[in-house]
Amino acid sequence: MKNGDTNKFDPESISYLNIWTLSWPVMVSSLGFTLLNTVDMFWIGKLGHVSVAAVSIVGSLFWLLMSSIALVSSGTVAFVSRAAGSGDSDLLKNSISLSLFSSLIISVLIVVPSFIFARQILGFFGAENNVLREGAVYLYIMLTGFPVIFIFEIFNNAFFGIGDSKTPMKITFIALVINIILDPFLVFGWSFFPRLETAGAAIASVFSLFAGFSIYLLFFFRKFGFIVPAVHTKIFSQFFKTGVPAFFYGITRPITGTLMYRIVALYGTSSIAAFGIGSRVIGITFIYMDGLMIAVQTFVGQLLGKKDPKKAKKAAMRSLKMGYSVQIFTCAFMFLFSDKIIAFFNTNPDVLLSGSSYLKVIGISLVFYPLSATFSAVHRGSGYNIPPLIASVVSNWIIKLPLSYALAKYLGLDYTGVWIGIGFSLLIESTILAFYYKKGDWSRHSVPPTPCI
C-alpha cells in the first residue's frame, strides 16, 4: 500500500471548511449511534416506565463496559494519526492490526465475567424485582454482541485517524436503518414475529450492529488488505501506556454515572426512567461536538506527526469556535422545551416532572461542554491522556458524587440536587482541562512514530 493512498486528508489545511468536511460525517455517525439507542427507547417507552427503567439501568452498565474500549481506542487514535501524518505506512498497518487484535481479546475477557455475574451486578442498583428481571434479559442479549460493538468502534477510530470519516458514516447509516425496521416487529410482534418486548429491542440492536460489522470487514480489507498482527514488545507496551490513562479516564464517568442511578433510585422508578430518558436526550446534544472532537484529534495527531504544534493549536481554537456557534442554541432549546422533549418518550406525570427538571439544569451547564470536549480531544490526539484523567477523577469522584448526594439527601433537593451536582461537575472538568491545555505539555508529548516492523 502506498503512503499516498492512506492519507487523502490534508492536515495542512485548517480552514473552517476543512474542519467541517472532516467532522460532519462523524456527526452523522454519532447521530446514528444515538438514534440506535433513542429508537429503542421510543418503542420501549410504549411498554411502560418499568421497561424504560430496566433498559436505562442496563444502558448505564453497558456504557461502563464499553468504556474499556479506551484501552485500545486511545492508542489507535494517537498511533494511526501520527503514522498517517508522518507517512510511515509500516507503523500505520501495525497500529491498526494491533488495535483490532487487542480489541477482540479484551472484549472477550469482559464478556465472560459479565455473563457470570450479570444478575448480581444489576442487583446493586436496588431497583424493584420486576425491573431487574427485564433488565437481566436485555443485558444477556446485549452482551452477546459486545465483541462486535467493541471492534466496530475500533474500526471507526482507525478510519478517523487516517482522515476518512465517510466510511464509518455509511456503515453506521446501514446499521441504523436495519435497527429502525426491526425494532417494532420484534418488540410488539408485528406480522409473523413473536412479541419479545425489551428482549426484542436488544436483538434488533445486536443484529443491526453485526450487519454493520460484516460490511465494515469488506470495507477494511478492500482498503488495507489482510493484515497479520505483528505484536512487537516495545510498541505493544507503548500502545497500552497510552491507553491505560485513557481507560481510567473513560471508565470514570460511566462508573459514577452508574452510581448516580443508585442515588436516583432513592426517589423511585419514575426518577430512574426520567434519568435514563434525559441521558439519551443529552447524548443527542453531544453529536455536534463529537464530530469536532474527532476532527481535533485527527488534526492534532497528524500535525504533531509533521512536527507542527502551532497549526495544531490553531485547529483546536477554530474547532472550539465552531462548537460554541451551535452549543448556545442547543442549550437554549433544551431549557425552553424540556417538558415536550420528555413527553415524546413517556407521558407519566412523575417522569415528566423529574425529566423536565433534569433537562433544564443540565441544559444550562452544557454551555461549558465545548471547552472540555475540545481540550480533551487535543490531549487524546497527542496521546497525552493524563490531564483528561485528572479532570475526570476530580470532577466525577470528588465533585459530582458527593455533591449530588449531599444536595439531594441533606439539603432536601431530592432529584434536583442530583441534577445540580452533575451540572457543577461539568464546570470543574472544563476548568481543569483548560488549565492543562494552556500549560502546553500535550504539544511536546510524543508517541513512538518509529519503525516497528
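Residues numbered from 1 in each chain as written. Predicted model: local features only at pLDDT ≥ 70, side-chain atom pairs only at ≥ 80, totals over all residues. Heavy atoms only, no water.

Caption draft 1: Looking closely at the overall build of the protein chain. Looking only at helices and strands, one finds 19 helices and 0 strands in the protein chain. Scaling as 2.2 N^0.38, a compact globule of 453 residues should have a C-alpha radius of gyration of about 22 Å, and the protein chain matches this with 21 Å. The buried share of the protein chain, reckoned over its 453 residues, is 60%. Counting only carbon and sulfur atoms, one obtains 69% of the accessible surface of the protein chain, whose full area is about 17,900 Å². Placing the 33 positive and 19 negative side-chain charges of the protein chain at their respective mean positions leaves the two points 7 Å apart. (Helix = DSSP H or I, 4+ residues; strand = E, 2+ residues; numbered from the N terminus. Rg over C-alpha atoms; globule rule 2.2 N^0.38 Å. Buried < 20%, exposed > 50% of the residue type's maximum accessible area, 1.4 Å probe, protein only. Areas by Shrake-Rupley, 256 points an atom, 1.4 Å probe, with all protein chains shown as cover. Lys, Arg positive; Asp, Glu negative; His and termini not counted. Charge placed at Lys NZ, Arg CZ, Asp CG, Glu CD.)

Caption draft 2: Region of interest: a nonpolar patch on the surface. A surface patch of nonpolar side chains, amounting to about 800 Å² of accessible area, comprises F101, L104, I105, V108, L109, V112, I116, F117 and I121. The element contributing the most residues to the nonpolar patch is helix α5 (residues 89–116), with 7 residues. Among the structural elements, I105 can be located in helix α5. For I105, a relative accessible area of 42% corresponds to the partly exposed category. (Patch = residues over 30% accessible without salt bridge, like charges linked within 9 Å, V, L, I, M, F, W, Y side chains within 5 Å. Salt bridge = Lys/Arg side-chain N within 4 Å of Asp/Glu carboxyl O.)

Caption draft 3: Looking closely at the packing of helix α16 (residues 349–365) against helix α19 (residues 415–439). Direction vectors running N to C along α16 and α19 enclose 20°, while the axes themselves pass 9 Å from each other. In terms of orientation, α16 and α19 fall into the roughly parallel class. Note that α16 runs across α19; the crossing there is right-handed. Packed against α16, whose contacting residues are L353, S354, S357, Y358, V361, I362 and S365, the element α19 presents Y415, T416, W419, I420, I422, G423 and L426 at the interface. Among the residues forming the contact of α16 with α19, the class breakdown is 9 nonpolar, 5 polar and no charged. (Axes fitted to C-alpha atoms, helices over the stretch in contact; angles between N-to-C directions. Parallel < 35°, antiparallel > 145°, perpendicular 65-115°, else oblique. Left-handed = near helix turned anticlockwise from the far one by under 90°. Contact = heavy atoms within 4.5 Å. Nonpolar A, V, L, I, M, F, W, Y, C, P; charged D, E, K, R; others polar.)

Caption draft 4: The arrangement of the side chain of Q327 in detail. Assignment of secondary structure puts Q327 in helix α14 (residues 309–336). At 3.0 Å, the side chain of Q327 and the backbone oxygen of L366 are in polar contact. Residues contacting Q327, with those up to four places away along its chain left out, are T285, M289, L366, Y369 and P370. (Polar contact = N/O pair within 3.5 Å; in protein donor to acceptor, adjacent residues only side chain to side chain.)

Caption draft 5: Structural view of the pattern of salt bridges. Under the criterion given, the structure shown has 3 salt bridges. For D441, the salt bridge is made with K439, and the minimal N-O distance between the two is 3.9 Å. Classification of D441 by relative accessible area gives partly exposed; the value is 26%. Residue classification places K439 among the partly exposed residues on the basis of a relative accessible area of 47%. Overlapping salt bridges bring together K439, D441 and R444 as one network.

Caption draft 6: Main features of helix α7 (residues 129–144). Here α7 is 16 residues long and its end C-alpha atoms lie 23 Å apart, about the 22 Å a rise of 1.5 Å per residue gives. For α7, the set of buried residues is V131, L132, E134, G135, A136, Y138, L139, I141, M142 and L143. (Expected span 1.5 Å × (residues − 1).)

Caption draft 7: Examining the packing of α5 against α7 more closely. Viewed as axis vectors pointing N to C, α5 and α7 meet at an angle of 160°, and their least axial separation amounts to 10 Å. Comparing the axis directions of α5 and α7 gives the class roughly antiparallel. Considering only the axes of α5 and α7, their crossing is left-handed. On α7, the residues touching V111, S114 and F115 of α5 are Y140, L143 and T144.

Caption draft 8: Structural context of the side chain of S425. Counting through the fold element by element, S425 comes out in helix α19. Judged by relative accessible area, S425 falls into the buried class, the value being 3%. Not counting chain neighbours up to four residues away, the residues in contact with S425 comprise S395, I399 and K400.

Caption draft 9: Spotlight on empty space enclosed by the protein. Under the definition given, this model contains 2 cavities of 30 Å³ or more. Lining the second largest cavity we find V77, S81, F160, G161, I294, Q297 and T298. Of all elements in the fold, only α4 (70–86), α8 (146–161) and α13 (287–305) reach the threshold of two or more residues within the lining of the second largest cavity. The element that contributes the greatest number of residues to the lining of the second largest cavity is α13, accounting for 3 residues. Along the lines of polarity and charge, the residues of the lining of the second largest cavity split into 3 nonpolar, 4 polar and no charged. (1 Å grid on protein atoms, 1.4 Å probe; cavity = no way out; pocket = protein on both sides within 12 Å on 5 of 7 lines; lining within 4 Å. Points joined across faces, edges and corners; volume = space filled by probe spheres on them.)

Caption draft 10: Here's a closer look at the packing of aromatic side chains. This structure, assessed with the given rule, holds 29 aromatic pairs. Joined through ring pairs, the aromatic side chains of F42, W43, F185, F188, W190, F192, F193, F344 and F345 make up one cluster. Cation over ring: R318 sits above Y16, and NZ or CZ is 4.9 Å from the ring centre. Taking the ring centre of F335 as reference, the NZ or CZ of K360 above it sits at 6.0 Å. (Phe/Tyr/Trp six-rings, centres within 6.5 Å; stacked < 30°, edge-to-face > 60°. Lys NZ or Arg CZ within 6 Å of the ring centre and 35° of its normal.)

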